[in-house]
Amino acid sequence: MAASAASASSDMFDEIVMAEERFHGEGYQEGYAEGSHVGVVEGRRYGSLHGARIGSEIGCYLGFALTWQCLLQKCTDEKNSKKIKALDSLIGMIQKFPYEDPTYDKLQEDLEKIRGKFKQSSVIN
């Protein structure tokens with residue numbers, strides 16, 4: 001009977017120790033799942049906001065370039081032809097920009113080139 005009582009108390013102790021480990025594992029899994037979900041939601045929100053800012057910026061550059069292109073269309077002197085060439089280059093860069101591919105590895109690099117071309121075009125005009 002004493003062996004049976006010792007075995008029963010040892011089983012209870014094992015259950016308590018194992019319960020702590022089991023609850024720790026379940027808590028970790030629940031926390032991980034919740035954190036992953038919140039991370040995806042936050043990432044999507046940040047991506048949408050950042051993408052909208054880039055789209056707005058590029059839209060502004062395109063509007064600038066198209067407006068000046070129309071204004072300079074009737075001018076044929078050499079000074080204006082350089083301006084038109086710079087504007088055409090800016091418009092071409094914007095049209096080739098990969099709006100729908102966020103995984104494009106040179107996205108930031110191309111965006112910086114567009115910004116530089118815009119600065120060049122705005123100084124010329």
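Counting from 1, residues in each chain are numbered in the order their sequence is written. Per-residue local features of the predicted model are confined to residues with pLDDT of at least 70, and side-chain atom pairs are confined, for both listing and counting, to 80 or more; whole-chain, interface and lining totals are unaffected and use all residues. By convention in this description, side-chain values take in all heavy atoms of the structure and omit both hydrogens and water.

K.L.:
Whenever I open this one, the overall build of the protein chain confuses me. Can you help?
P.N.:
Regarding its fold elements, the protein chain presents three helices and zero strands. Counting from the N terminus, the helices are the DSSP runs of H or I reaching at least four residues and the strands are the DSSP runs of E reaching at least two. Beginning at the N terminus, the succession of helices and strands in the protein chain can be written as α-α-α. Radius of gyration means the value over C-alpha atoms here, while the globule rule gives 2.2 Å times the residue count to the 0.38 power. A compact globule built from 125 residues should have a C-alpha radius of gyration of about 14 Å, whereas the protein chain, at 31 Å, is more than 25% larger. Seen through its C-alpha atoms, the protein chain measures out along the principal axes to roughly 110 × 20 × 20 Å. For the protein chain, the share of sequence-separated contacts (at least 6 apart) that also reach a separation of at least 24 residues comes to 63%. Just so you know, the count uses Lys and Arg for positive and Asp and Glu for negative, and it drops His and the chain ends. Where a charge sits is defined by one atom per residue type, namely NZ (Lys), CZ (Arg), CG (Asp) or CD (Glu). Each charge class in the protein chain was averaged separately, 15 positive and 19 negative side chains, and the resulting centres sit 23 Å apart. Should any heavy atoms of two residues lie within 4.5 Å, those residues are considered in contact.

K.L.:
Explanation requested: the pattern of salt bridges in the structure shown.
P.N.:
Side-chain pairs of opposite charge can arise whenever the charged atoms involved come near each other. Every case where a carboxyl oxygen of Asp or Glu lies within 4 Å of a side-chain nitrogen of Lys or Arg is listed as a salt bridge. Tallied over the full model, the rule gives four salt bridges. Close ionic contact of Arg22 with Glu26 constitutes a salt bridge, the shortest N to O distance being 3.7 Å. With Arg22 and Glu26 both in helix 1 (residues 2–72) and four residues apart, this pair spans about one turn of that helix. Exposure categories follow from relative accessible area, calculated using a 1.4 Å probe and restricted to protein chains: below 20% of the type maximum is buried, above 50% is exposed, and the middle band is partly exposed. Accessibility expressed as a relative area gives 47% for Arg22, which makes it partly exposed. Ionic contacts of the salt-bridge type, sharing partners, join the residues Glu57, Glu112 and Arg115 into one network.

K.L.:
Explain the nonpolar core to me, please; I cannot follow it from the model alone.
P.N.:
For soluble globular proteins, the rule of thumb is that nonpolar side chains tend to be buried together. Judged by nonpolar contacts, the single largest core of 16 residues is most densely connected at Ile58, Leu90, Ile94, Phe97 and Ile114. Counting only elements with at least two residues in this core, the list comes to helix 1, helix 2 (78–96) and helix 3 (107–124). Considering every element that reaches this core, the biggest residue donor is helix 1, with six residues. When sequence neighbours within four positions are dropped, the list of residues in contact with Ile114 reads Tyr61, Leu90, Met93, Ile94 and Phe97. Definition used in this section: a nonpolar core is a set of buried Ala, Val, Leu, Ile, Met, Phe, Trp, Tyr and Cys residues joined via side-chain atoms within 4.5 Å.

K.L.:
So what exactly am I meant to see when it comes to helix 2 here?
P.N.:
The periodicity of an α-helix, 3.6 residues per turn, causes residues three or four places apart in sequence to face the same way. With 19 residues, helix 2 should cover 27 Å at 1.5 Å per step; its first-to-last C-alpha distance of 27 Å lies within 8% of that length. Looking at helix 2, one finds that the buried residues are Asn80, Lys83, Ile84, Ala86, Leu87, Leu90, Ile91 and Ile94. Along helix 2, the residues classed as buried sweep out an arc of 160° about the axis, all on the same side. Away from its buried face, by an angle of more than 90 degrees, helix 2 presents the exposed residues Glu78, Lys82, Lys85 and Lys96. Helix span is expected to be 1.5 Å times the residue number reduced by one. The arc in question is the one traced by the directions running from the helix axis out to the C-beta atoms.

K.L.:
What is the right way to read a nonpolar patch on the surface from this model?
P.N.:
Residues enter patches when their relative accessible area tops 30% and they take part in no salt bridge; the joining distance is 9 Å for like charges and 5 Å for the nonpolar side chains Val, Leu, Ile, Met, Phe, Trp and Tyr. Calculation of accessible area relied on Shrake-Rupley with a 1.4 Å probe; when residues are assessed, cover is drawn exclusively from the protein chains displayed. Where nonpolar side chains cluster on the molecular surface, the patch consists of Phe13, Val17 and Met18 and spans about 290 Å² of accessible area. Position of Met18 relative to the elements: it lies in helix 1.

K.L.:
What is the right way to read the state of the cysteines from this model?
P.N.:
Note: disulfide means a covalent bond formed between the sulfur atoms of two cysteine side chains. Criterion for a disulfide: a pair of cysteine sulfur atoms within 2.5 Å. Taken as a whole, this structure holds zero disulfides when the rule is applied. The thiol of Cys60 is unpaired, and the distance to the nearest cysteine sulfur, on Cys70, comes to 16 Å.

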